Amino acid sequence: MASPDAAPPELATATAFRAVLTRDLTLAFRHRGDMANPLIFFVMVATLVPLGVTPESGQLALLAPGMIWVMALLASLLSAETLFLADHRDGSLEQLALSPQPLWLLVLAKIIVHWLVTGLPLTLLSPLLGVMLSLPQAGFGPLVVSLLLGTAALSMIGAIGAALTVAIPRGGLLLSLIVMPLYMPVLIFGASAVQLAVDGISPSGALAILGALLAFSCLISPFATAGALRVSLHG
Amino acid sequence: MSAPPILECRDIAFERDYTPIFSGLSFTLWRGQILQVKGANGSGKTTLLRILATSLTASQGSMFWHGNDLEGHRQEYRFDMLYLGHQPGVKAALTPRENLAWLRPLHPKAGHDTNQALAAVGLAGMEDVPCHTLSAGQLRRVALARLYLSDASLWILDEPFTAIDRDGVGKLEILLQDHAQRGGAVVITTHQHPQLDNLCELDMVRYGVS
Amino acid sequence: MARTRPLLPEWFHRLGSPKGFYQMTSSWMPWLAVTAAVLLLVGTVWGLGFAPQDAKQGNSFRIIYIHVPAAFLALAGYYVMAAAGAIGLVWKMKLAHMVMKAAAPLGAALTLISLVTGSLWGKPTWGTYWVWDARITSMLVLFFLYLGVIALHYAYTNGEAASKASAVLALVGTANIPIIYKSVDWWYTLHQPATIKLTQAPSMHPDMFYPLLVMIAGFYCFYALVLLLNTRSEILHRERRTRWVLDMAEGGRS
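Criteria and cut-off values
- Residues numbered from 1 in each chain as written.
- Chains lettered and ligands numbered in written order.
- Predicted model: local features only at pLDDT ≥ 70, side-chain atom pairs only at ≥ 80, totals over all residues.
- Heavy atoms only, no water.
- Helix = DSSP H or I, 4+ residues; strand = E, 2+ residues; numbered from the N terminus.
- Rg over C-alpha atoms; globule rule 2.2 N^0.38 Å.
- Buried < 20%, exposed > 50% of the residue type's maximum accessible area, 1.4 Å probe, protein only.
- Contact = heavy atoms within 4.5 Å.
- Areas by Shrake-Rupley, 256 points an atom, 1.4 Å probe, with all protein chains shown as cover.
- Lys, Arg positive; Asp, Glu negative; His and termini not counted.
- Charge placed at Lys NZ, Arg CZ, Asp CG, Glu CD.
- Buried area = accessible area lost by both parts, 1.4 Å probe.
- Salt bridge = Lys/Arg side-chain N within 4 Å of Asp/Glu carboxyl O.
- Polar contact = N/O pair within 3.5 Å; in protein donor to acceptor, adjacent residues only side chain to side chain.
- Pairing = 2+ DSSP bridges.

Chemist: Is there a simple way to think about the overall build of chain A in this case?
Modeler: Along chain A, the regular secondary structure elements total 9 helices and 0 strands. The secondary structure elements of chain A, listed N-terminal to C-terminal, are α-α-α-α-α-α-α-α-α. For chain A, the C-alpha radius of gyration of 19 Å lies close to 18 Å, the compact-globule estimate for 235 residues. On the principal axes, the C-alpha backbone points of chain A span a range of 75 × 35 × 30 Å. Residues counted as buried form 56% of the 235 residues belonging to chain A. Pairs at least 24 residues apart make up 81% of the contacts formed inside chain A by residues separated by at least 6 positions. Only carbon and sulfur atoms are counted for the fraction: they give 72% of the accessible area of chain A, which is about 9100 Å². Across chain A, the centroid of the 8 positively charged side chains sits 7 Å from that of the 10 negatively charged ones.

Encoded structure:
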């Protein structure tokens, strides 16, 4: 048994990180239906745009970069709520928080899985939406790259909001309220990258900033999320 | 001079939302002791256990682990402590084996066999069945299997006997007793009357705030 | 062992306790109220009555005497709120959490005032109540950030958790404000419509500028006054069961 005089216990943090990663991937796989929901939402909203605005391809092409990005943002927002909800209900969150492992690292594992099962599929599906909304040819590459970087940043930022609202009944709407302002820079540079490419200007600057935003959110989010989760467990 | 107690609480008070729940709570837990926290519903039993588990922070007072202030030794303490709450963190979509596979690395260095642990709690043959097909008592047993896998010297168990049948209760009593005899310590809440030697009691009524 | 000298002076600890803060600020209130009233009165009369007309905008420019100070404090107020939240989180100081709770609606109100006055100003100047100008858009985002902090605070039933959660959010918001401002600026230069040119005022005539300075000073005093009032009422509410508050209520009644 451990005693305070003994050397600090071997934490095997990497093992714990992998265990949480494997667990969440398994859970996501077992709930495949839930995984598809944001994607279906993504495609359905894309169908609403021509119905609500115009089916005329010239006008759709003007709207496409921003529209696809806004829809991806909303789909990512919808899925953010589920990040910690089940864990909070069944007590796993408390077990994660009470383990001697650094909580931010375990949280990071959860966020990575969340991106793998929401952000990545959204990104892979986005060219289909590009076709549906008559996105000009030049926009497709930057659309995929910007969503690849951007949805990861959105997952990071969304995790903070999800952690802050997990203990609140019906916190989903509140989550959108507190997270959306923080999403705005990502939206601006993501949509602009596609728009620039469509206009024949190199999008590399906007994409670089998007990468910087991702790096920044990776730096802040795990710690803020871990702190927020501890607050939520108090509540 | 003997070794310091595993856990010592001095003058713990807790208030929720600026309303005092209890105050002036002090106790000492030595190796080999099993402490039963008693009290009516709402007297703060679960709250106290969550404070002991470092899930909540006391509004006042201090806690000492092996004579060290917990404030500076939280991580080592968490390493040496296992807490099972009302909701013990068993995932319904995973099998008992998968559940233990992610719960175990949270408290590393536990070198026991998952199959043996599951057999010990009477879940042999159900290792790979999804947990949502199990009964409430069997789910509780999945969580209790962690006790067989744990090296922690302090166990904090909130209502561990809930939903467990008489046979299971007997086994759990033996397990707690063995743990205490090996030099560990246990804090439990229960509305039952466990048959345990070395059982001391802490009645929340004495610390309640009217 | 000899006691080490306290790191912080005694008055700081007195300020740190809600009771000490309440008693210490009691004597400040009349002074602040009078200073704020005088400054605001002088600034308003000077700005509206005596400052010269703007060559292009006529009298409509005079709304800056409210718009600019409000916008100043809207942003500064967010930092006040976040700083109070950080102090509350790091030093577990209850009073700081109360200041944070008091600062949030105040800042949101000032942001709204600056948005509304900006919009009213826009009608005679640009011919429309709303344009997606970089500064207006940033202000709107700031308003949303405030709303988020307030909404989160009210969503929690546990006051302590509410304070901590909204402090975390306020801090995350603070880290993001410069990024949001920069990105909105960049976005605006990308999309800037040629028809709208903002009237910049770097070469403001001194006769117009001095009343503005008075108004800004007045708004700062007013902000401090309302922040203290809010904080004091929050202190009384949270400590309503303690001896000193009950004693004070008794004293006031007899």
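Chemist: Where do I start with the environment of Y220 of chain C in this structure?
Modeler: All names here are of chain C. Structurally, Y220 can be placed in helix α8 (residues 206-238). Between the alpha carbons of Y220 and R232 there is a distance of 18 Å; along the sequence they are 12 residues apart. Residues within four places of Y220 in sequence aside, it is in contact with F72, L73 and A76.

Chemist: When you look at the interface of chain B and chain A in this model, what are you seeing that I'm missing?
Modeler: By a frequent convention, interface size equals the accessible area lost on bringing the separate parts together. Contacts between chain B and chain A engage 37 residues on the former and 33 residues on the latter. For the pairing of chain B and chain A, the buried interface totals around 3100 Å² over both sides, and the portion due to carbon and sulfur atoms is 61%. The largest contributions to the chain B side of the interface with chain A come from K91, W102 and L106 of chain B, which together make up 21% of the buried area. There are 4 salt bridges connecting chain B and chain A. We note a salt bridge from K91 of chain B to D90 of chain A, for which the minimum N-O separation is 2.9 Å. Where chain B touches chain A, the interface holds 13 residue pairs in polar contact (both at pLDDT 80 or more).

Chemist: Teacher, can you tell me more about the pairing of strand β6 (residues 81-84) of chain B here?
Modeler: Each regular strand carries side chains that alternate between the two faces of the sheet. Residues and elements named next belong to chain B. Of the two faces of β6, the one carrying M81 and Y83 and the one carrying L82 and L84 are both buried. One ladder, built from 4 bridges, connects β6 with strand β7 (residues 154-158); its direction is parallel. In the strand pairing of β7, Y83 is matched with I156.

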